[in-house]
Amino acid sequence: MTYQLTAPLLDACVLGIVEKEDAYGYTLTQKVRELVDISESTLYPVLRRLQKDECLVTYDAPYQGRNRRYYAITDYGRRRLEFYKDEWEKYKANIDRLLLEEQIPTENQSGDEVKAEVKEADGKEEQGNE
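Notes on the structure follow.

Parameters and conventions
- Residues numbered from 1 in each chain as written.
- Predicted model: local features only at pLDDT ≥ 70, side-chain atom pairs only at ≥ 80, totals over all residues.
- Heavy atoms only, no water.
- Pairing = 2+ DSSP bridges.
- Helix = DSSP H or I, 4+ residues; strand = E, 2+ residues; numbered from the N terminus.
- 1 Å grid on protein atoms, 1.4 Å probe; cavity = no way out; pocket = protein on both sides within 12 Å on 5 of 7 lines; lining within 4 Å.
- Points joined across faces, edges and corners; volume = space filled by probe spheres on them.
- Nonpolar A, V, L, I, M, F, W, Y, C, P; charged D, E, K, R; others polar.
- Expected span 1.5 Å × (residues − 1).
- Buried < 20%, exposed > 50% of the residue type's maximum accessible area, 1.4 Å probe, protein only.
- Contact = heavy atoms within 4.5 Å.
- Core = buried A, V, L, I, M, F, W, Y, C linked by side-chain atoms within 4.5 Å.
- Axes fitted to C-alpha atoms, helices over the stretch in contact; angles between N-to-C directions.
- Parallel < 35°, antiparallel > 145°, perpendicular 65-115°, else oblique.
- Left-handed = near helix turned anticlockwise from the far one by under 90°.

Quick word on the sheet that holds strand E2 (residues 56–63)
The three strands lie next to each other as E1-E3-E2, forming an open sheet whose pairing is antiparallel. In the strand order of this sheet, the two ends are held by strand E1 (23–24) and E2, each with one partner. Of the strand pairs in this sheet, E2 and strand E3 (residues 66–73) are connected by eight bridges, and their pairing is antiparallel. The residue of E3 that forms the bridge with leucine 56 is isoleucine 73.

Put into structure tokens, the structure is as follows:
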């Protein structure tokens, strides 16, 4: 991928995966790597930071005679993920507006207001072509 993955976006990816189900460390890193180009050695510090920030907790469970460390999201981690999702939607809308030149509602505008503006602009263009 051309775009760099920032720490908050990487945190959001990890929390999004663990929100669905608790994950074994190796499995979690593989799921993240399916989505973004990142080394395994980069991800473990992220997991430790999220654990330190109380977004994740760990527990050990036996698997084929050995213990595996699993990561689970906390209530605080869920709130943080919701914050990241809201921020992502705003960020994505702004980038879409810039790159795709779409009329996307601003925070103070409804979708209907944007549609009305687009319709009005289309009407002016049609009048200019007559």
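Focus on the layout of surface pockets
Gaps left between atoms show up when a probe the size of a water molecule is rolled over them. For the largest pocket, the calculated volume is near 720 Å³. Along the walls of the largest pocket sit 21 residues, with Leu5, Thr6, Leu9, Trp88 and Tyr91 positioned nearest its centre. Contributing elements (two or more residues each) for the lining of the largest pocket: helix H1 (7–20) and helix H4 (75–100). Here the element with the most residues in the lining of the largest pocket is H4; it accounts for ten residues. For the lining of the largest pocket, the residue count by class is 14 nonpolar, three polar and four charged.

Let's talk about H4
Compared with an ideal rise of 1.5 Å per residue, which puts 26 residues at 38 Å, H4 spans 36 Å between its outermost C-alpha atoms and is within 8% of the ideal. Here H4 has its buried residues at Gly77, Arg80, Leu81, Tyr84, Ala93 and Asp96. Packing partners of the buried residues in H4 comprise H1 and E3. Once H4 ends, the next one or two residues include glutamate 101, with phi positive near 50°.

Observations concerning the nonpolar core
The tendency in soluble globular proteins is for nonpolar side chains to be buried side by side. Membership of the largest hydrophobic core comes to 21 residues, with the highest contact counts inside it found for Val14, Leu15, Leu28, Val32, Leu50 and Leu56. Looking at this core, the elements that each hand over two or more residues are H1, helix H2 (25–35), helix H3 (40–52), E3 and H4. Setting aside chain neighbours within four positions, we find leucine 15 in contact with Leu50, Cys55, Leu56, Ile73, Gly77, Arg80, Leu81 and Tyr84.

Focus: the packing of H1 against H2
Two elements in contact, H1 and H2, have axes separated by 10 Å at closest approach and are oriented at 125°. Compared by their axis directions, H1 and H2 come out oblique. Considering only the axes of H1 and H2, their crossing is right-handed. Where H1 approaches H2, its residues Leu10, Val14, Ile17 and Val18 are matched on the opposing element by Leu28, Lys31, Val32 and Leu35. Of the residues that constitute the contact of H1 with H2, the class distribution is seven nonpolar, no polar and one charged.

Coordinates in, geometry out; function isn't part of it.
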